[in-house]
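Chain by chain, the residues run as shown.
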Amino acid sequence: MDSKNTDFPAWHLESRYDAVPDLPVLAEVDVLVVGGGAAGVAAATTAAEHGKRTLIIERYGFFGGAAVAGMSGTICGMYLASEVHAEPRQVVHGYTERFRAELARRNGVTAPQRYGKTWTVTHDPLMWSETADQLVEDAGARTLFHTSVSGVIVEGDACIGVVVESAAGRSVILAQRIIDASGDAAVIARAGYRYVFGDHGKIQNPTMFFRLGQIDMPRFLAYWGEDTINPPKVSEAIEQADAAGRYELPRKKIWIFPTTRPGELLVNATRLTARDGHMLNVIDPEDFTEAEIAGRRQVRQYAAFLADNIPGCEASYVVNTGTQVGVRQTRSIVGVETLTNDDVLSCRKRDDGICRVPWPIELHAGEKPKLHWLLDDYYEVPYLALVPEQGENLIVAGRCLSAEHEALASARVTAQCFEYGRAAAVAAVLSLDSGRRLRDIAGQEVRAGMRALGSAL
């Protein structure tokens, strides 16, 4: 499904110049970052540390995006998968490792935990936000929370600013380079540039994460095992309980992660579809609302099942759910280059690659998740997958990169989003310093800049 958005007309100065001066100008910056998730925090920190006047805006009152508001709760994508190696082997470093190390210094992240054939770590959401606050502030970037983009100001082919909304009303931010780290390609859409929704409109299901407290952890782990993906006996118990009508449990394979807090589990169990069976696309506020309500109801069903059936969970209670449902996929840009499914399956390496990805194709659609493992290997994402086919001064970072459907199901996770944010900022700095367009920057040059900052490439 290939879309050119017409719901968010851009302000084109040559034709609608009079609409702009009536709005107050909040700031004029070198780099504007839209979205404060993993990609946005990495981008803002990197750009500011390179001496650029940097502003990051975020619609919530805290950093974290899907990792915190969506409570995804893990930093996936750092380690190789393997059927022969018993220990985690980290292949993604750079900004990802910098952030993980800062979390560790605050006791805000676990040691690696087994996830099927690979490993992941679980983080504390409050520590995540506080770590991001500190990194962005120390870098010298300016932050505006509770602020959203409602329009884009375009001069010819160049995006020169955005219109933002806050409780104070509408205003303008002018920027020489814009990094769309919204996850939803919000700037791309509002500028009227092309994007797609998954596989001809089919996208991955959202999910509602939740945390369970008061767990007898030794008893739970003795029953569950070391793998955070449930053992077959749990899937069988879920199927039997669902068939008996005791609970409504649409997803039969669930994932549970011990957290940094004593006696607490992070649970990824829900599978959210619309009442009429269609896949929920949270770009539509009606779908987003249905997902939120259905998600909270499903949380109670799975929490009850765990308390009634899983040793160690008998006295458990729901600590909280995400501020919003966890969103895996919405818009993907149409880029100068596209990460393909074959790139992922063949573990393609490239001299213009700006990020390693060892994470499996983890596709959440239909009755159960699809997992295709990349064993003892990884692929690399091309720089130009971050650059839209149309529009100057604009680059994306995060899960809205240009990627085919199954490729995105691998490339969208947190460790990689940190690296995309850094790559976008490195490219923006190179573009500003040289006067070149973002699309004219060689991926090899961005790759070299990433390596100089500690990325493993």
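What you see is a predicted model; the values in this text were computed from it and never measured.

So, the overall build of the protein
Right, on to step 1. Across its full length, the protein holds 12 helices and 22 strands.
Right, on to step 2. By principal-axis analysis of the C-alpha atoms, the protein measures approximately 65 × 45 × 40 Å.
Right, on to step 3. Going through the 457 residues of the protein one by one, you find that 61% of them count as buried.
Right, on to step 4. Expressed as a percentage of contacts within the protein between residues at least 6 apart in sequence, the contacts between residues at least 24 apart total 76%.
Right, on to step 5. Distance between charge centres in the protein, computed from 47 positive and 58 negative side chains, equals 2 Å.

Some details on the nonpolar core
A general feature of soluble globular proteins is that nonpolar side chains tend to end up buried together.
Right, on to step 1. Ranked by internal contacts, the top residues of the largest apolar core, which has 112 residues, are L32, W128, I179, Y383 and Y420.
Right, on to step 2. Top element by residues in this core is helix 11 (residues 414-434). It accounts for 11 residues.
Right, on to step 3. There are two domains that each give this core at least three residues, and those are domain 1 (16-201 + 330-453) and domain 2 (209-321).
Right, on to step 4. Counting 33 residues, the second-largest nonpolar core is a separate cluster that includes I215, I256, A274 and F305.

Let's talk about empty space enclosed by the protein
Right, on to step 1. On inspection of all chains with the given rule, the structure shows 2 cavities of 30 Å³ or more.
Right, on to step 2. The calculated volume of the second largest cavity comes to roughly 40 Å³.
Right, on to step 3. If you go around the second largest cavity, the residues you meet are V92, H93, I354, C355, R356, E419, S455, A456 and L457.
Right, on to step 4. Here the lining of the second largest cavity gets 3 residues from one element, more than from any other, and that element is strand 18 (residues 353-357).
Right, on to step 5. Tallied by class, residues from the lining of the second largest cavity come to 5 nonpolar, 2 polar and 2 charged.

Examining the sheet that holds strand 7 (residues 118-122)
Right, on to step 1. One open sheet holds the 3 strands; their spatial order is 5-7-6, and the pairing between them is antiparallel. Each end of this open sheet is capped by a strand with a single partner; those strands are strand 5 (74-75) and strand 6 (113-115).
Right, on to step 2. Looking at chain direction, strand 5 and strand 7 are connected through 2 bridges and run antiparallel. Paired with I75 across the bridge in strand 7 is V121.

Structural notes on the domain arrangement of the protein
Many analyses report the size of an interface as the accessible area lost when the parts associate.
Right, on to step 1. As far as domains go, the protein holds domain 1 (16-201 + 330-453) and domain 2 (209-321).
Right, on to step 2. Relative to domain 2, the C-alpha centre of domain 1 lies at a distance of 28 Å.
Right, on to step 3. Across the boundary between the two partners, domain 1 contributes 29 residues, which contact 23 residues of domain 2.
Right, on to step 4. When domain 1 packs against domain 2, close to 2,200 Å² is buried across both sides, 62% of that on carbon and sulfur atoms.
Right, on to step 5. Inspection of the region where domain 1 meets domain 2 yields 6 residue pairs in polar contact (both at pLDDT 80 or more).
Right, on to step 6. Those elements that place two or more of their residues in the side of domain 1 that touches domain 2 are strand 6 and strand 7.

Some details on the confidence of the model for the protein
Right, on to step 1. Averaged over the protein, the pLDDT score is 92; the fraction of residues at 70 or greater is 94%.
Right, on to step 2. Contacts of residues 4-9 to residues separated by more than four positions or lying in other chains number 12 contacts, the stretch itself having pLDDT below 50.
Right, on to step 3. Overall, residues 11-19 carries pLDDT values under 50, and its contacts beyond four positions in sequence, including any with other chains, amount to 22 contacts.

Some details on the sheet that holds strand 13 (residues 210-213)
Right, on to step 1. What the 4 strands build is an open sheet, ordered 14-15-13-16; its pairing is antiparallel. Strands at the two margins of the open sheet, each flanked by one partner only, are strand 14 (255-258) and strand 16 (317-321). In this sheet, neighbouring strand axes are inclined to one another by 30° on average, regardless of whether the strands run parallel or antiparallel.
Right, on to step 2. Across 3 bridges, the pairing between strand 13 and strand 15 (residues 265-268) is antiparallel. By the bridge assignment for strand 15, F210 is matched with V267.
Right, on to step 3. Across the sheet, helix 8 (residues 285-309) touches strand 13, strand 14, strand 15 and strand 16, and the angle it forms with strand 13 is around 30°.

Observations concerning the layout of surface pockets
Right, on to step 1. Roughly 310 Å³ of internal volume is contained in the second largest pocket.
Right, on to step 2. Forming the walls of the second largest pocket are 13 residues, and the residues nearest its centre are E248, T273, A294, R297 and Q298.
Right, on to step 3. Each residue belonging to the lining of the second largest pocket can be placed in one class, and the counts come to 5 nonpolar, 3 polar and 5 charged.

Some points on the pattern of salt bridges
Right, on to step 1. For the coordinates displayed, the defined rule picks out 29 salt bridges.
Right, on to step 2. Residue K349 is joined to D377 by a salt bridge in which the shortest nitrogen-to-oxygen separation is 2.8 Å. Note that K349 is positioned in the loop between helix 9 (341-345) and strand 18 and D377 in the loop between strand 20 (370-372) and strand 21 (379-382), a separation of 28 residues in sequence.
Right, on to step 3. Taking the relative accessible area as the measure of exposure, K349 reaches 38% and is therefore partly exposed.
Right, on to step 4. Salt bridges here are not isolated pairs; linked through shared partners, they connect E337, D343, R348, R350 and D352.

Rules and cut-offs
Residues numbered from 1 in each chain as written. Predicted model: local features only at pLDDT ≥ 70, side-chain atom pairs only at ≥ 80, totals over all residues. Heavy atoms only, no water. Helix = DSSP H or I, 4+ residues; strand = E, 2+ residues; numbered from the N terminus. Buried < 20%, exposed > 50% of the residue type's maximum accessible area, 1.4 Å probe, protein only. Contact = heavy atoms within 4.5 Å. Lys, Arg positive; Asp, Glu negative; His and termini not counted. Charge placed at Lys NZ, Arg CZ, Asp CG, Glu CD. Core = buried A, V, L, I, M, F, W, Y, C linked by side-chain atoms within 4.5 Å. Domains from an automatic or database assignment. 1 Å grid on protein atoms, 1.4 Å probe; cavity = no way out; pocket = protein on both sides within 12 Å on 5 of 7 lines; lining within 4 Å. Points joined across faces, edges and corners; volume = space filled by probe spheres on them. Nonpolar A, V, L, I, M, F, W, Y, C, P; charged D, E, K, R; others polar. Pairing = 2+ DSSP bridges. Buried area = accessible area lost by both parts, 1.4 Å probe. Polar contact = N/O pair within 3.5 Å; in protein donor to acceptor, adjacent residues only side chain to side chain. pLDDT = per-residue confidence, 0-100. Axes fitted to C-alpha atoms, helices over the stretch in contact; angles between N-to-C directions. Salt bridge = Lys/Arg side-chain N within 4 Å of Asp/Glu carboxyl O.

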